[in-house]
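Fold and contact review
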Amino acid sequence: MRIKFISSSIATILLLTPTAFAGLDGTLKKMGKNVSAQVFNLTQGKALLNVNSELPLNPASSVKLLTAYTALTKLGINYSFKTSFYYASKKGDFCVKGGGDPSFVMEDLYLVVEALKRKGVEDFSGKIAIDSSVFDQEMYPEDRNSQDSERAYNAPISGLNFNYNTISVFVNPTTKGRAARIGLDFPFDFVKVTGKVMTGSGTDVSWDKKGKGDEEIVSLGGKISEDADEWRKPFRIRDPAHAFGEAFFKMLNHGGVPTRGAMQVSKGTCIGDPIFTYNSKPLSFVVGLMDKYSNNFIADSLVKTLASEVNHQQGTSDAGLKLVRTEMKKIGIDVSSDGRHVVSGSGLTDGNDLAATDFVALLKHIYKEKLVLPEILASLPIAGTDGTLKKKYIGTDVQGRLRGKTGTLNGVQSLVGIYPTSSGDWVAVAVIANGGHSIPERELADYLGGL
């Protein structure tokens, strides 16, 4: 009976695997020149599937893997961003010099204020100068899509940042027939929320955001269900320097450091020695934030940071991208030949073109080198579990196993990742679909599950 069972299992596997292969291979081939795909066994060093694998297409946000690898390699996994605070005790003036930290949030500012109090800061004049000169003043990379969008994915890139240079609006239901509660994640004076959302049956919240002078105006309307969870919508902030200055002013007051005058935020140049320098969490943590949630703001900030730290000059997108392309060429990936282009480190562009083999070559190098492999693996969303893959591949054999960087633009989908087979091999996966085609997730899951 045991021999019969084993033979039966082997026969089942032999029947299932070719079928799964035919399903994925056939579906991909039907996409014609709108797909580039490769599956490669990293452990055994052999390609398992190729469909137009050398064809460059737009990979959207999967290009963040190039940015992540270059940043971790050139800056180091323990690199930290520095934000320095200068204080003229006689005048009570502050100057804040940014280091391009894309992960600086409200909790960090609280820790800064507590540290300044320990340094002897007891009051201040209300004057806060912002020095963001570590980066150039191009807050929106030239090749970025949707330059005018107020959505959070289009947050500006600055040398001094706060809460990802976004503001979130919240709506919470009360009781049916009454107005819902509306609020912001930080009480900025320059952000005005207008309109009303009623508590009722069903949720249909309408929203809009516009800039008017120095103000950001968020308009809300519609309704939210009485039993609904909190409704949230993040938007970009157009002036990061002013946002940081106002947040710093309010946090100082909240922390018991009173002001001797009205708030005045200006641009300046910090000179002398800082009274305190705040270090961010390590770069490996920041890369995790970028990849898990495909954060364009972090990716474009890392590109400029590469230029400022490696070249020791003001950070620009062009200089940072040159370093990315150079690093890729070092490992045998020429992203400037045969129709390949990398003009954005975040992927929020129509100008990037890469082939599936380029991404697999990067994963092969990372797998063999192993210097940044743990950091890259930890940064990737897990199928059916978290990040941009949280709602995908649920109920399939790859749920909780496949780790992949996703990419999505209008007419573009991509997935680049690593999958551990049941036999213990590691497999690299790269699928880029353009022309409005979707990645065949069911066929891909069946195929990987059969390996």
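Residues numbered from 1 in each chain as written. Predicted model: local features only at pLDDT ≥ 70, side-chain atom pairs only at ≥ 80, totals over all residues. Heavy atoms only, no water.

Another aspect to go through is the state of the cysteines. Applying the stated rule across the entire model yields 1 disulfide. Two residues share a disulfide in this structure: Cys 95 and Cys 270, whose sulfurs sit 2.0 Å from each other. Here Cys 95 and Cys 270 share a disulfide; its torsion about the S-S bond, -95 degrees, makes the bridge left-handed. Remark: Cys 270 occurs in the loop between β13 (264-267) and β14 (276-279) and Cys 95 occurs in strand β4 (residues 93-97); sequence separation between them is 175 residues. Considered together, Cys 95 and Cys 270 belong to a single accessibility category, that of buried residues. (Disulfide = S-S within 2.5 Å. Helix = DSSP H or I, 4+ residues; strand = E, 2+ residues; numbered from the N terminus. Buried < 20%, exposed > 50% of the residue type's maximum accessible area, 1.4 Å probe, protein only.)

A few words now on the side chain of Asp 25. Looking at the element boundaries, Asp 25 is found in helix α1 (residues 2-29). Given the relative accessible area of 11%, Asp 25 is considered buried. Leaving out residues up to four positions away in the same chain, Asp 25 has contacts with Leu 49, Asn 50 and Val 51. (Contact = heavy atoms within 4.5 Å.)

Our focus in this paragraph is the confidence of the model for the protein. Across the protein, pLDDT averages 93, with 95% of residues at or above 70. Confidence drops under pLDDT 50 across residues 1-19; counting only partners more than four residues distant or on other chains, this segment forms 2 contacts. (pLDDT = per-residue confidence, 0-100.)

Of note, Ser 132 is situated in the loop between β5 (127-131) and β6 (166-172). The class for Ser 132 is buried, based on a relative accessible area of 14%. Every residue in contact with Ser 132, bar those within four places of it in the chain, is listed here: Gln 137, Ser 158, Gly 159 and Leu 160.

Further remarks concern the nonpolar core. Leu 66, Leu 283, Leu 302, Met 328, Leu 362 and Ile 376 are the most contacted members of the largest nonpolar core, which totals 53 residues. Sorting the residues of this core by element identifies α2 (64-75), α5 (283-293), α6 (296-310), α7 (317-330), α8 (356-369), α9 (373-379), β16 (412-420) and β17 (426-433) as the ones contributing at least two each. Core analysis: the second largest hydrophobic core is formed by 43 residues, Val 96, Val 113, Phe 235 and Val 257 among them. (Core = buried A, V, L, I, M, F, W, Y, C linked by side-chain atoms within 4.5 Å.)

Our focus in this paragraph is the sheet that holds β14. Read from one edge of the open sheet, 5 strands run β13-β5-β4-β3-β14, paired in mixed fashion. The strands lining the two open edges of the sheet, one partner per strand, are β13 and β14. In this sheet, adjacent strand axes meet at a mean angle of 20 degrees when their direction is disregarded. Where β4 meets β5, 4 bridges bridge the pair, whose relative direction is parallel. (Pairing = 2+ DSSP bridges. Axes fitted to C-alpha atoms, helices over the stretch in contact; angles between N-to-C directions.)

A few words on the sheet that holds strand β7 (residues 181-184). Taken in spatial order, the 3 strands of this open sheet run β7-β6-β12, and their pairing is antiparallel. Since the sheet does not close on itself, it has two edges, and those belong to β7 and β12 (231-236), each with one partner. Taken over all neighbouring pairs, the strand axes of this sheet differ in orientation by 15 degrees on average, direction set aside. Where β6 meets β7, 4 bridges bridge the pair, whose relative direction is antiparallel. From the neighbouring strand, Asn 172 faces β7, where its bridge partner is Arg 181.

Turning our attention to the packing of α5 against α6. Between α5 and α6, whose axes approach to 8 Å, the crossing angle comes to 135 degrees. By the angle class used here, α5 and α6 are oblique. Regarding α5 and α6, the two cross each other, and that crossing is left-handed. When α5 is examined against α6, the residues Leu 283, Val 286, Val 287, Leu 289 and Met 290 are found in contact with a partner set consisting of Ile 298, Ala 299 and Leu 302. Grouping the amino acids of the contact of α5 with α6 by side-chain chemistry returns 8 nonpolar, no polar and no charged. (Parallel < 35°, antiparallel > 145°, perpendicular 65-115°, else oblique. Left-handed = near helix turned anticlockwise from the far one by under 90°. Nonpolar A, V, L, I, M, F, W, Y, C, P; charged D, E, K, R; others polar.)

Below, the discussion takes up the packing of aromatic side chains. For the coordinates displayed, the defined rule picks out 16 aromatic pairs. Ring geometry for Tyr 87 and Phe 94: centres 4.8 Å apart, planes at 40 degrees, overall tilted. You can call Tyr 87 buried: its relative accessible area is 19%. A relative accessible area of 3% means that Phe 94 is categorised as buried. Between Phe 124 and Phe 249 the ring centres are 5.6 Å apart and the planes differ by 75 degrees, which places this aromatic pair in the edge-to-face class. In this pair, Phe 124 sits in the loop between α3 (106-118) and β5 while Phe 249 sits in helix α4 (residues 240-254), placing the two residues 125 residues apart along the sequence. An aromatic cluster is present here, built from Phe 85, Tyr 87, Phe 94, Phe 104, Phe 124, Phe 244, Phe 248, Phe 249, Phe 276 and Tyr 278 joined pairwise through their rings. The positively charged end of Lys 364 is found above the aromatic ring belonging to Phe 40, 4.4 Å away from the centroid. A cation over a ring is seen here: Lys 370 above Tyr 367, with NZ or CZ 4.4 Å from the ring centre. (Phe/Tyr/Trp six-rings, centres within 6.5 Å; stacked < 30°, edge-to-face > 60°. Lys NZ or Arg CZ within 6 Å of the ring centre and 35° of its normal.)

Running from N to C, α2 and α6 cross one another at 35 degrees; their axes reach a closest spacing of 10 Å. Here α2 runs over α6; the crossing is left-handed. Mapping the contact onto sequence places Lys 64, Thr 67, Thr 70, Ala 71, Lys 74 and Leu 75 in α2 and Asn 296, Ala 299, Leu 302, Val 303, Thr 305, Leu 306, Glu 309 and Val 310 in α6.

As a rule of thumb, non-glycine residues mostly have phi less than zero, and peptide bonds are mostly trans rather than cis. Unusually for a residue other than glycine, Asn 163 sits at a positive phi of about 50 degrees. By secondary structure assignment, the location of Asn 163 is in the loop between β5 and β6. On the accessibility criterion, Asn 163 (9% relative accessible area) is buried. For Asn 165, which is not glycine, the phi torsion reads 55 degrees and is therefore positive. As for its position among the elements, Asn 165 is in the loop between β5 and β6.

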